[in-house]
Amino acid sequence: MVMRSSSPLPRMSRRGRVTIGVLVGVFVLFTLLGWGVQAWTDWLWFDEVRYTGVFTGVLTTRLLLFLAVGLAMALIVGGNLWLAQKLRPRLRPHSPEQATLERYRMLLSPRLGLWIALVAAVVGLFAGLSAQSRWNQWLLFRNGGSFGVDDPEFGIDVGFYVFQLPFLRYLLGVGFTAVVLSVIGALAVHYIFGGVRLQGVGDRMTTAARAHLSTLVAVFVLLKAIAYVLDRRAMLLEYGEGPVYGAGYADVNALLPAKEILAYISIVVAIAIIVFSNAWMRNLVWPGISLALLGVSAVAIGGIYPWAVQTFEVKPSAKEKEAPFIERSIKATRAAFGLEAATTTPYAASNLIPPASLATDTSVVPNIRLLDPQLVSETYTQRQQVRQFYDFGEKLDVDRYGVNGKVQDYVVGLREINYRQLTPQQNTWINRHTVYTHGYGLVAAPGNRVVCGGQPFFVSGFLGDPQEQQREQGQQATEQCAAQTEQISAKQPRIYYGERMDASDYAIVGQTDPERKAEFDRPVGEGGESYTYTGEGGVEVGSFTRRLLYAIKEQESNFLLSDAVNDNSKVLYVRNPRDRVEKVAPFLTLDGDPYPAVVDGRIQWIIDGYTTAATYPYAERINLQEQTADELTGRGTFQLARENVNYIRNSVKATVDAYDGTVRLYEFDEADPVLKAWNKAFGGDLVVPKAEIPAELAEHFRYPADLFKVQRNLLTRFHVTNPGDFYSATDFWQVPNVPDAPDTDQKQPPYYLFTQLPGQDSARFQLTSAVTPNGRENLAALISGSYVDGQPRLEVLDLPDQTRVSGPVQVHQSMTQNANIRQQLNLLQSQQAQVQYGNLLSLPFGNGMLYVEPVYVKTAAQNAPPLLQRVLMSYGDGGSYVVLANSVSDGIKQLVEQGKQAAAPGTPPPGGTPPGGTPPGGTAPPLTGALSEAADRVQAAITEVRAAQTSGDFERYGRALKALDEALTAFQQAQQAAGAPAPGASTPASPAPGGSAPASPAPSGGATPTPGG
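Residues numbered from 1 in each chain as written. Predicted model: local features only at pLDDT ≥ 70, side-chain atom pairs only at ≥ 80, totals over all residues. Heavy atoms only, no water.

Novice: So what exactly am I meant to see when it comes to a nonpolar patch on the surface here?
Specialist: A cluster of nonpolar residues, Val18, Val22, Val26, Leu29, Phe30, Leu33, Phe544, Leu548, Ile552, Leu560 and Leu561, forms a patch on the protein surface that exposes about 1000 Å² of accessible area. When contributions to the nonpolar patch are tallied by element, the ones reaching two or more residues are helix 2 (14-49), helix 16 (544-554) and helix 17 (558-561). Within the fold, Leu33 resides in helix 2. (Patch = residues over 30% accessible without salt bridge, like charges linked within 9 Å, V, L, I, M, F, W, Y side chains within 5 Å. Areas by Shrake-Rupley, 256 points an atom, 1.4 Å probe, with all protein chains shown as cover. Salt bridge = Lys/Arg side-chain N within 4 Å of Asp/Glu carboxyl O. Helix = DSSP H or I, 4+ residues; strand = E, 2+ residues; numbered from the N terminus.)

Novice: Would you explain the side chain of Ser377 in this entry?
Specialist: Tracing the chain through its elements places Ser377 in helix 13 (residues 376-384). In this structure Ser377 comes out as buried when scored by relative accessible area, which is 3%. Polar contacts involving the side chain of Ser377 include one to the main-chain carbonyl oxygen of Gly393, which spans 2.3 Å. Apart from residues lying up to four places away in sequence, Ser377 is in contact with Phe392, Gly393, Glu394, Lys395 and Leu396. (Buried < 20%, exposed > 50% of the residue type's maximum accessible area, 1.4 Å probe, protein only. Polar contact = N/O pair within 3.5 Å; in protein donor to acceptor, adjacent residues only side chain to side chain. Contact = heavy atoms within 4.5 Å.)

Novice: Which parts of the structure should I look at to understand the packing of aromatic side chains?
Specialist: Aromatic ring pairs: the centre-centre distance and the angle between the two ring planes describe each pair. If you walk through the whole model with that rule in mind, you get 41 aromatic pairs. A centroid spacing of 5.6 Å and a plane angle of 65° characterise the contact between Tyr550 and Tyr573, whose relative ring orientation is edge-to-face. Within this pair, whereas Tyr550 is found in helix 16, its partner Tyr573 is found in the loop between strand 15 (570-572) and helix 18 (577-584), the two being separated by 23 residues in sequence. By relative accessible area, Tyr550 is classed as buried at 1%. Overall, the relative accessible area of 5% leaves Tyr573 in the buried class. (Phe/Tyr/Trp six-rings, centres within 6.5 Å; stacked < 30°, edge-to-face > 60°.)

Novice: I tried to follow the pairing of strand 7 (residues 442-446) on my own but got confused; where do I start?
Specialist: For a regular strand, the rule is simple: side chains alternate between the two faces of the sheet. Of all the five residues making up strand 7, five are buried; the element is thus mostly covered by neighbouring parts of the structure. Where burial is concerned, the two faces of strand 7 agree: the one with Leu442, Ala444 and Pro446 and the one with Val443 and Ala445 are both buried. Pairing geometry for strand 4 (residues 406-414) and strand 7, over five bridges, is antiparallel. Looking at strand 7, one finds that Val411 is bridged to Ala445. (Pairing = 2+ DSSP bridges.)

Novice: Sorry if this is basic, but what is going on with the sheet that holds strand 14 (residues 539-540) here?
Specialist: Across a sheet, strands are paired by hydrogen bonds formed along the backbone, either parallel or antiparallel in direction. Ordered in space as 11-15-14, the three strands form an open sheet in which the pairing is antiparallel. Here the strands that pair on one side only, and so sit at the sheet edges, are strand 11 (507-509) and strand 14. The pairing of strand 14 with strand 15 spans two bridges and is classified as antiparallel. Paired with Val539 across the bridge in strand 15 is Val571.

Novice: What am I meant to see in the side chain of His433 here?
Specialist: Tracing the backbone shows His433 in helix 14 (residues 429-435). With a relative accessible area of 5%, His433 lands in the buried category.

Novice: For this particular structure, what's the right way to read helix 12 (residues 323-336)?
Specialist: Side chains that are three or four residues apart share a direction in an α-helix, a result of its 3.6 residues per turn. Compared with the 20 Å implied by 1.5 Å per residue over 14 residues, the 20 Å span of helix 12 between its first and last C-alpha is a close match. Counting buried residues along helix 12, eleven of its 14 residues qualify, which places the element largely inside the surrounding structure. The complete set of buried residues in helix 12 reads Ala323, Phe325, Ile326, Arg328, Ser329, Ile330, Ala332, Thr333, Arg334, Ala335 and Ala336. Where helix 12 ends, the next residue or the one after it, Gly338, has phi of about 70°, a positive value. (Expected span 1.5 Å × (residues − 1).)

Novice: Help me out: how do you make sense of helix 7 (residues 158-192) in this one?
Specialist: Given a rise of 1.5 Å per residue, 35 residues ought to cover 51 Å, and the 51 Å separating the end C-alpha atoms of helix 7 matches this to within 8%. At Gln164, helix 7 is bent by approximately 45°, the largest bend along its length, and proline Pro166 sits one to four residues beyond. In the segment just after helix 7, Gly194 is the residue with positive phi, at about 90°. (Bend = angle between axes of the 7 residues up to and from the residue.)

Novice: Whenever I open this one, the environment of Asp725 confuses me. Can you help?
Specialist: Mapping Asp725 onto the fold places it in helix 23 (residues 723-728). Note: C-alpha distance between Asp725 and Lys319 (406 residues apart in sequence) is 9.3 Å. Discounting chain neighbours no more than four positions away, the residues touching Asp725 are Val720 and Thr730.

Novice: When you look at the nonpolar core in this model, what are you seeing that I'm missing?
Specialist: Buried together is how nonpolar side chains tend to be arranged in soluble globular proteins. Counting 203 residues, the largest nonpolar core has Leu665 and Leu850 as the members making the most contacts within it. Ranked by residue count, the leading element in this core is helix 7, at 14 residues. Membership of the second largest hydrophobic core comes to 24 residues, among which are Leu799, Leu840, Tyr851 and Val855. (Core = buried A, V, L, I, M, F, W, Y, C linked by side-chain atoms within 4.5 Å.)

Spelled out as structure tokens, the structure:
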């Protein structure tokens, strides 16, 4: 009775212990069952796609890391706990403290080994769980190679930072955790068993306890010395005091030496702790002083000294001091993000008058894409949907095809099944998973053609006879609204894998009776045809074991009860192409915009895969989610994860067959060390070599959108390569907001075009984007990304700093605020209709800039799609020559006519005869060289004066007069240098008081610019 009353914890009844045991057993059973079912079905899925090496490789690595780190942590912590109890004193002085601790010693002593093992097991479990998530770092650590590039400070290959450093820092963290837990645990055991005392006579700590704990503290300090060494390397990866990433002047000249000194001090302090605590004075006074000195040194040497250098030496002349380090960051960033290969071409854009060659052009004008992939998605759905459960998504894709010997861009979409659109009657388990299993057809339309009141001209993806389908939809026979035959033919048009499918949208296919076709294939007439899947995709579920397995996985008893599941059945799951690639290649970051293409008669999803890193020395670190977000994010494109990176390569082109789900990974960047490491980690044959990419597939590769956004955003700053100019930030650019909604603060997305830009040999399919000067709205540059001979090409058309060419936002405002055009737009828009604007295209042409913006009208009728009704076009500065035309050809004619009238002889500029013009009664000599360039400048200035007069914008008119005066002066100087007589031109007079201006003919075309336009 006395012993039972003194027990610190009440004894649990036998029934209570049994109940707890049963509950724990049930929990463990169901947990293991869930893990087992998930692992088994994952294995079957990887076996289906023939990537079991990825499954076993990742699983084995995670298990080994779990066991290795967990066991190591358990042994270290458990060993120190065991050592602490072994070192307990045999005799303890009597004190109230020891009397209180005696009851705990009585509880622990009989099963002390079990308690230590339990604590060690718990610590090892959590350490192992943390370690297994580092499988990717370990695989890169083991398989990583060289980049062939040394960092500019230590001369160490970049491969060390990308492959070795992350895992080394993790191991160091594990070491710190193990030592700290060991110190805490050992201190607790020493205290409970009397090795450490707070009361009583004599020493507060036994010799054995002091030796044990001081050794652990010394080990901690030694780990700190190693941390200082790694921190010196890691300083090249951090944002310092300068304007860029990486170690700056104060870091290199003050903090780096400080960390080296602190590493040596840490070693000395570790030795001092052991010596003073055990071999010499055998107390904790001097070890404590040593630790205090280490802390003071860390503050003084590692904090105060670098701060003083930064404050008193760097800041007064930061531009000069930081210049070498800014140059390092510029070079590293351009190399890490593939910007160093970008070619910059000056583009004067000095011609503000529409040239006559617009009417005869064959490379730019005929390829102007009018169909906006976001807006015409509704039109595709309404004209090609046929059944309510078909869906094309919120945004279509743009690709190019060669039809009848002509290559041009097409807006394409897949007619997919959208299970969210099934009616309640259709949405039964049988219908959802065995009847409505697939979509049908790739629907395409040329990007530059509209018919039948503004609709796309469909050329593929027909469910039946195109003419019959046209008659069913009530379209007029007087105009051909669709092609008579399939122009982009898919031999297998069925879509079993698509973007509209999520994790719950599995399909069960296959029949024992060939005549029994249970799947709805496509609508024909009033009914529909049926189909039975014959592809290789899917996991067989004919056996009872497989049915039971998937019944548990999907928590669905129909796998066992329904006769729709038979001996020939297969289950298709993970049907979203992006999810399939992500599962097969978990080390890749995938582009947010997969797109379909017809390759060798089959529909293939193409997904761009990126290899990334976050430890490239001196390179700028960016957040992928922030850098790739724009107007289309979440509306037809996937949002990327919040991943911080400072290295990226489009190293893989992945494909997913829309019919059988076959996944292939094609190597695209043969020089990427990160992809080489991953390929080696998974056996060396994970990716198909670039040389084996089918030629027809390669023809549909396009510059990836998310990579382009990242590069474009970085080029807004890192096109500046001079460190001084970069520090001043005077020539930085910015990505403009959406032109028709600039106040939303959403960035204008880049757009795909099949066109020819200045400096290019021929038209090519490319991704383009306009940028403006930082804080201003005029155009600064055009950036394009394309492929030439299978290699990526990033190009920049750089406009002069003081260009008068407007940017996208300014152009849209100028065009839509034009008085005549505004009136026409108001007629299109009413309570029953809404005007929507498509992609605003910026097209350099004829040493000027052509802008094209399609205008759609969407009526208020139910399910009415937006139809293209007009085309806004502008040339020059965006406001001088503007038309709202019925078509591109009509708009081009109007612009050319305006240009002819503006440049017609006999139309004198304000104030006299233009330089280079024909004076009365004489014939002008031909102009060449610098004189010709000066004359062109004056002519452009005169055009601007005319436009400013017409607009009524007096501020603009004043600037135009000043520019004309400067142009005339330059022309006179050029004439004097050439030995020609000066012309009799005079500078136009300033506006009269009251704001009146000299009369001047307005541009033709019926568009009279308004003030500010």
